[in-house]
Amino acid sequence: MSPTSPASPARSASPASPESPKNPAPTRRLTTAQALVAFLARQYTERDGRRQRLISATWGIFGHGNVAGIGQALVEAGHGGNGTAHRMPYLQGRNEQAMVHAAVGYARQSGRLSAHAVTTSIGPGATNLVTGAALATINRLPVLLLPGDTFATRPADPVLQQLEVPYAGDVSVNDCLRPVSRYFDRITRPEALIPAALQAMRVLADPAETGAVTLALPQDVQAEAYDWPEEFFAERDWHVRRPAPDTYELETAVRAIRSARRPLIVAGGGVRHSAAEETLAAFTAATRIPVASTQAGKGALRHDHPADVGGIGHTGTATADELARTADLVIGIGTRFSDFTTASGTLFADPAVRFLHLNITAFDAHKLAALPLVADARAGLEALTAALAGRGYRVDPAYETEYTGAKEAWEERVEASFATPDPTARPTQTQVLGLLDDLVTEEDILINAAGSLPGDLHKLWRTRSRDQYHVEYGYSCMGYEIPAAIGVLLAAGTQQRNRPVWALVGDGTYLMNPTEIVTAVQENLPLKLLILQNHGYASIGGLSASVGAEGFGTAYRHRDADGGFTGPPLPVDLAANAASLGLRVLRAATVDDLRKALSEARDAEGPTCVYVETETPDTVSGPPPAQAWWDVPVAETASRPAAVKAREEYDRQVAARRRHL
């Protein structure tokens, strides 16, 4: 990827030829931090003729490791709004991990074409970035991390918060970020910033390589001055490419599709990142191949599209999973094929099943011994559609009738889960989703990441637009939802359109990371926070019961006489906590209360919370059970009956697992 660098006016030297020793190339004297901020403000991405800032803002919490460097540079950059095109807006965070989550939410909503930087001090500020960095890299979403680091010159050793490693003087806590970063460098001299910054931008803008990028900045180097070449501050456009498929791979893919009797598409997050939804719809219109979706791919087709058969895998629909069991060709588009998608290697059961993977990375395209089609999702689908157009391929009408009928039957199960026969009763979790389903339009965006909600949403939610469904399930990180919602609200165009953005959290997730509520209040962002109180880790509680661990340690209750946690529920008032952080809170005790509160929150102009205590579901209103297995190993030896029984079921399920070679 080669950026273009339009000429920029000189600031400090004669315009004479730079070859002349009497007239050296123009330079600008700045600190390393000032130079970095100025550089970042002049980086752009371009795709399909659309140009936008690559780094549009910087999140920061300041400490001794960055306050005099990056902090002072942000002041110099006029973050208060000096009206220039190259200012760097500053966003104040409360927790370093949460700042990364907010940046990730922003990047996803921006189509990976724009990102945020995150600056922290050394020590705990830096190590708090690790979880967010892992989440960004696993989900292939760009974020620039700028942690402070210990002194490069080592005038005092150790300094405050320095990790001392007896066998290596050049190791700091920032090395924890190496395995979770797509690019890492430590800037130990000012001039080293130039190649490192360019490499960082290359990776952030590369759709095949993107993820967390870390530039560790020793605190003394941040404040050190250097004469920077003016060319470093020229505007640069980083073209986000759409690689077309190789001719041989395309022809091989076409032959595989034409020979398939029961093909199934698995749409992943790459469909969204490539903005390939309309292209996918055109492909299915021509071929009538059904489309199942991963968590990241849900929304690739609207829920009411004839070819959409819903989520796939352990949290998928019966329709999609039954089709997967009998598919003879599985066409993955922009998916990593995680264990949830493959039901830990038990889902694709046809003995002759083959795989065709359209993916921008060869690493993912070759998974499951697939026929690879290495290309951008949109470009690849366009090529497939064109190549099949003159060859008369379309699935058998009986197959189409089969999956559309199964889809209608699943919709009846969705309706049963959403039904609220008693408006005066406390709602179940799925009934909460049903009330929200009645209220939202294609403008609303739902954000979730962990607990039992992702499973219910993947099975039941009726996605109305390409970006409505925002469930982070690559890392399934508790605490992602609130900061990610802030990032979505900050993304280009969202505030102007006043789209309702909902952060759906359970009590366990809320207690992990509520801090950025303060940021939403500070920025007056119209966040809709929906807290579902079920007194514990409901998802892991159910899993614990299924694997013979008897729900141990998963309920939020007082200790009993035997030392367990079976006493009364803890008297924790999360609604009061949210209110104490500045949110307007609407409490709902019944189905009717909740319906009114959700409507009021949706219309609110400022940050608003809806709090509801949910009921344990019964057989009518609870979610359908898992339609496919997930491998969580069970104790091979145990004395307790629950674990013995769970192991028997585990052995039965694991026998169906296969390696696709």
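Residues numbered from 1 in each chain as written. Predicted model: local features only at pLDDT ≥ 70, side-chain atom pairs only at ≥ 80, totals over all residues. Heavy atoms only, no water.

Visitor: Which parts of the structure should I look at to understand the overall build of the protein?
Guide: A tally of regular secondary structure across the protein gives 25 helices and 23 strands. The globule rule puts the C-alpha radius of gyration for 661 residues at 26 Å, and the 26 Å found for the protein is close to it. With the C-alpha coordinates aligned to their principal axes, the bounding extent of the protein is approximately 80 × 70 × 55 Å. A burial count over the protein gives 56% of its 661 residues as buried. (Helix = DSSP H or I, 4+ residues; strand = E, 2+ residues; numbered from the N terminus. Rg over C-alpha atoms; globule rule 2.2 N^0.38 Å. Buried < 20%, exposed > 50% of the residue type's maximum accessible area, 1.4 Å probe, protein only.)

Visitor: For this particular structure, what's the right way to read the packing of aromatic side chains?
Guide: Aromatic ring pairs are defined here through the distance separating the ring centres and the angle between the ring planes. Under the criterion given, the structure shown has 13 aromatic pairs. For the pair Phe39 and Phe232, a centre-to-centre distance of 4.5 Å together with 10 degrees between the ring planes defines the contact as stacked. Of the two residues, Phe39 is situated in helix 1 (residues 32–40) and Phe232 in the loop between strand 10 (225–229) and strand 11 (236–239); the sequence distance between them amounts to 193 residues. Across the pair, exposure class does not vary: Phe39 and Phe232 are buried alike. When the centroid spacing of 5.7 Å and the interplanar angle of 80 degrees are considered together, the rings of Tyr399 and Tyr403 count as edge-to-face. Separated by 4 residues within a single helix, Tyr399 and Tyr403 lie in helix 15 (residues 397–418), roughly one turn from each other. One exposure class covers both Tyr399 and Tyr403, and it is buried. (Phe/Tyr/Trp six-rings, centres within 6.5 Å; stacked < 30°, edge-to-face > 60°.)

Visitor: Help me understand the side chain of Lys407, please; the structure alone is not making it clear to me.
Guide: Among the secondary structure elements, Lys407 is positioned in helix 15. The buried charged residue Lys407 lacks any salt bridge partner; its closest oppositely charged side chain belongs to Asp308, at an N-O distance of 4.5 Å. What Lys407 contacts, discounting residues up to four positions off in sequence, is His303, Asp304, His305, Pro306, Asp308 and Thr319. (Lys, Arg positive; Asp, Glu negative; His and termini not counted. Salt bridge = Lys/Arg side-chain N within 4 Å of Asp/Glu carboxyl O. Contact = heavy atoms within 4.5 Å.)

Visitor: I'm lost on the packing of helix 10 (residues 277–287) against helix 14 (residues 377–389) in this one. Help?
Guide: Packed helices, taken two at a time, are described by the angle between their axes plus the distance between the axes. At a minimum axis distance of 9 Å, the contact between helix 10 and helix 14 shows a crossing angle of 25 degrees. In this view, helix 10 runs roughly parallel relative to helix 14, as classed from their interaxial angle. Once helix 10 is placed against helix 14, the crossing between them reads as left-handed. In this structure, helix 10 contributes Thr279, Leu280, Phe283 and Thr287 to the contact, and helix 14 contributes Arg378, Leu381, Glu382, Leu384, Thr385 and Leu388. Among the residues making up the contact of helix 10 with helix 14, the classes are represented as 5 nonpolar, 3 polar and 2 charged. (Axes fitted to C-alpha atoms, helices over the stretch in contact; angles between N-to-C directions. Parallel < 35°, antiparallel > 145°, perpendicular 65-115°, else oblique. Left-handed = near helix turned anticlockwise from the far one by under 90°. Nonpolar A, V, L, I, M, F, W, Y, C, P; charged D, E, K, R; others polar.)

Visitor: Can you help me understand the sheet that holds strand 17 (residues 371–374) in this one?
Guide: Think of a sheet as strands paired side by side through backbone hydrogen bonds, with each pair either parallel or antiparallel. What the 6 strands build is an open sheet, ordered 14-13-12-15-16-17; its pairing is parallel. Two strands in the sheet have a free side with no partner beyond their single neighbour: strand 14 (308–311) and strand 17. Strand after strand, the sheet turns through a mean of 20 degrees between neighbouring axes, direction not considered. In terms of strand pairing, strand 13 (residues 291–293) meets strand 14 through 3 bridges, oriented parallel. The residue bridging Val291 from the neighbouring strand is Asp308, located in strand 14. Here helix 10 sits on the sheet in contact with strand 12 (263–267), strand 13 and strand 15 (329–333), set at roughly 170 degrees to strand 12. (Pairing = 2+ DSSP bridges.)

Visitor: Would you explain the nonpolar core in this entry?
Guide: Among soluble globular proteins, nonpolar side chains are generally buried collectively. Core analysis: the biggest nonpolar cluster contains 52 residues, and Ile257, Leu280, Ile312, Ile333 and Phe348 have the highest contact counts within it. The element best represented in this core is helix 14, accounting for 6 residues. If we skip the residues at most four places from it in the chain, Ile257 touches Phe283, Ile289, Leu329, Ile331, Leu356, Leu384, Leu388 and Tyr393. Core analysis: the second largest hydrophobic core is formed by 49 residues, Val143, Ile447, Ala578 and Leu583 among them. (Core = buried A, V, L, I, M, F, W, Y, C linked by side-chain atoms within 4.5 Å.)

Visitor: Sorry, what's going on with the pairing of strand 3 (residues 50–53) here?
Guide: Each regular strand displays side chains that alternate between the two surfaces of the sheet. Here strand 2 (residues 43–47) runs beside strand 3; their pairing, made up of 4 bridges, is antiparallel. Counted as the bridge partner of Thr45 is Gln52 from strand 3. Taken together, strand 2 and the strand that follows it, strand 3, pair antiparallel across an intervening segment of 2 residues, in which Asp48 is found at a positive phi of about 55 degrees.

Visitor: Explain helix 6 (residues 193–205) to me, please; I cannot follow it from the model alone.
Guide: Within an α-helix, residues lying three or four positions from one another point in the same direction, as the helix has 3.6 residues per turn. A rise of 1.5 Å per residue sets the reference length of helix 6, with its 13 residues, at 18 Å; its end C-alpha atoms lie 18 Å apart and thus fit the reference within 8%. The set of residues buried in helix 6 consists of Leu193, Ala196, Ala197, Ala200, Met201, Val203, Leu204 and Ala205. (Expected span 1.5 Å × (residues − 1).)

Visitor: What exactly am I supposed to notice about the packing of helix 3 (residues 96–109) against helix 5 (residues 130–138) here?
Guide: Look at helix 3 against helix 5: their axes get within 7 Å of each other, and the N-to-C directions meet at 20 degrees. By the angle class used here, helix 3 and helix 5 are roughly parallel. As for how helix 3 packs across helix 5, the hand of that crossing is right-handed. Two secondary-structure elements touch here, helix 3 through Gln97, Val100, His101 and Val104 and helix 5 through Thr131, Gly132, Ala133, Leu135 and Ala136.

Visitor: What is the right way to read the pattern of salt bridges from this model?
Guide: Once their charged atoms are close, side chains differing in charge can pair, the charge on each being opposite to the other. As enumerated under the stated definition, the model contains 41 salt bridges in all. With its nearest N and O atoms 2.9 Å apart, the salt bridge here joins Arg595 to Asp592. Linking Arg595 with Asp592, this pair stays in helix 24 (residues 591–603), spanning 3 residues, or about one helical turn. The class of Asp592 is partly exposed, set by a relative accessible area of 30%.

Visitor: Which parts of the structure should I look at to understand the side chain of Arg242?
Guide: Residue placement: Arg242 occurs in the loop between strand 11 and helix 8 (247–258). A distance of 2.8 Å separates polar atoms of two side chains, one belonging to Arg242 and the other to Ser274. Setting aside anything within four residues of it in sequence, one finds Arg242 in contact with Arg47, Asp48, Ser274, Ala275, Asp376, Arg378 and Ala379. (Polar contact = N/O pair within 3.5 Å; in protein donor to acceptor, adjacent residues only side chain to side chain.)

Visitor: I keep staring at empty space enclosed by the protein and nothing clicks. Help me out?
Guide: Applying the stated criterion across every chain yields a total of 3 cavities of 30 Å³ or more. Put simply, the largest cavity is a space of about 170 Å³. Lys298, His303, Asp308, Gly310 and Glu411 are the residues nearest the centre of the largest cavity, which is lined by 20 residues in total. Only strand 14, helix 15 and helix 17 (453–460) provide two or more residues apiece to the lining of the largest cavity. The greatest single-element share of the lining of the largest cavity, amounting to 4 residues, is contributed by helix 15. Tallied by class, the residues present in the lining of the largest cavity amount to 6 nonpolar, 7 polar and 7 charged. (1 Å grid on protein atoms, 1.4 Å probe; cavity = no way out; pocket = protein on both sides within 12 Å on 5 of 7 lines; lining within 4 Å. Points joined across faces, edges and corners; volume = space filled by probe spheres on them.)

Visitor: Explain helix 25 (residues 641–654) to me, please; I cannot follow it from the model alone.
Guide: Between its first and last C-alpha atoms helix 25 spans 20 Å; for 14 residues at 1.5 Å apiece the expected length is 20 Å, and the two agree. The set of residues buried in helix 25 consists of Ala643, Ala646, Arg647, Tyr650 and Gln653. Down the axis of helix 25, the buried side of the element spans an arc of 125 degrees, and every buried residue falls inside it. In helix 25, the exposed positions that point more than 90 degrees away from the buried face belong to Pro641, Lys645, Glu648 and Arg652. Those residues of helix 25 that are buried lie in contact with helix 22 (538–546). (Arc of directions from axis to C-beta.)

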